[in-house]
Amino acid sequence: EAAVTQSPRSKVAVTGGKVTLSCHQTNNHDYMYWYRQDTGHGLRLIHYSYVADSTEKGDIPDGYKASRPSQENFSLILELASLSQTAVYFCASSDWGRRDTQYFGPGTRLLVL
Amino acid sequence: SQWGEENLQALSIQEGEDVTMNCSYKTYTTVVHWYRQDSGRGPALIILIRSNEREKRSGRLRATLDTSSQSSSLSITAAQCEDTAVYFCATDSGGSNAKLTFGKGTKLSVKS
């Protein structure tokens, strides 16, 4: 089964600070995604990538940057964390040939104070 | 918004009952995905249905898709306590990037 891991699993950050969330997949998948989930809501796409060294904007990219240094790793960067970025962040991956099936990591719970 | 139904819904049923969850969407899609999210975990795909299918079954799950009304449903037959989870539908933007747009979900509680 697909394996997507995220670190850290939870984090408390201060407003204005820099936060980096990491995602690692061992499935040899081409596509990787970052979503955020707010309490009582569905997931919203922040950034995604279909190849190393390239990222694309999703539906809510403002305030976030992404980095894909290798096929296995995908990071989400909050340069200046804000209170409104408190949420649970999920990473996902999918294979080029089976793009309609995304495999999600366990999530990172971020609290910005 | 992609979705017609915006609120997270909550359903509570007894073990052994059947349950149906609905979602409607506003824009064209070729596939509707249904994901399940257990508490504290990431979503996991449980069934998907394509625009050329009206019904899809997988074990106790049954998904339907009506492209004319832009709506989909997920039914669980003889629900078990372990079916307790949040269920999301998601539409596929198509194209090469397979971007998913998620609805807000239905929180299902199955009680013994």
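As the structure is a computational prediction, the values presented were derived from the model and not from experiment.

Caption draft 1: Local environment of the environment of B:E55. Residues and elements named next belong to chain B. As for its placement among the helices and strands, E55 is situated in strand β5 (residues 55-58). Accessibility expressed as a relative area gives 36% for E55, which makes it partly exposed. Beyond its immediate stretch of four places on either side in the chain, E55 contacts I49, R62, A63 and T64. A polar side-chain atom of E55 sits 2.9 Å from a polar atom in the side chain of R62.

Caption draft 2: Representation of the state of the cysteines. Residue and element names in this part refer to chain A. Scanning all chains against the criterion turns up two disulfides over all chains. At a sulfur-sulfur separation of 1.9 Å, the disulfide partner of C23 is C91. Residues C23 and C91 are joined by a disulfide whose S-S torsion is about -80°; by sign, that bridge is left-handed. In this pair, C23 is assigned in strand β3 (residues 19-25) and C91 in strand β9 (residues 87-95), connecting sequence segments 68 residues apart. Summarising the burial analysis for this pair, C23 and C91 share the class buried.

Caption draft 3: Here's a closer look at the sheet that holds strand β2 (residues 19-24) of chain B. Residues and elements named next belong to chain B. Pairing in this open sheet of four strands is antiparallel, and the strands run β2-β7-β6-β5 from one edge to the other. Each end of this open sheet is capped by a strand with a single partner; those strands are β2 and β5. Within this sheet the neighbouring strands show an average axis-to-axis angle of 15°, counted without direction. Bridging between β2 and strand β7 (residues 71-76) involves six bridges; their strand directions are antiparallel. Paired with C23 across the bridge in β7 is S72.

Rules and cut-offs
Residues numbered from 1 in each chain as written. Chains lettered and ligands numbered in written order. Predicted model: local features only at pLDDT ≥ 70, side-chain atom pairs only at ≥ 80, totals over all residues. Heavy atoms only, no water. Helix = DSSP H or I, 4+ residues; strand = E, 2+ residues; numbered from the N terminus. Buried < 20%, exposed > 50% of the residue type's maximum accessible area, 1.4 Å probe, protein only. Contact = heavy atoms within 4.5 Å. Polar contact = N/O pair within 3.5 Å; in protein donor to acceptor, adjacent residues only side chain to side chain. Disulfide = S-S within 2.5 Å. Pairing = 2+ DSSP bridges. Axes fitted to C-alpha atoms, helices over the stretch in contact; angles between N-to-C directions.

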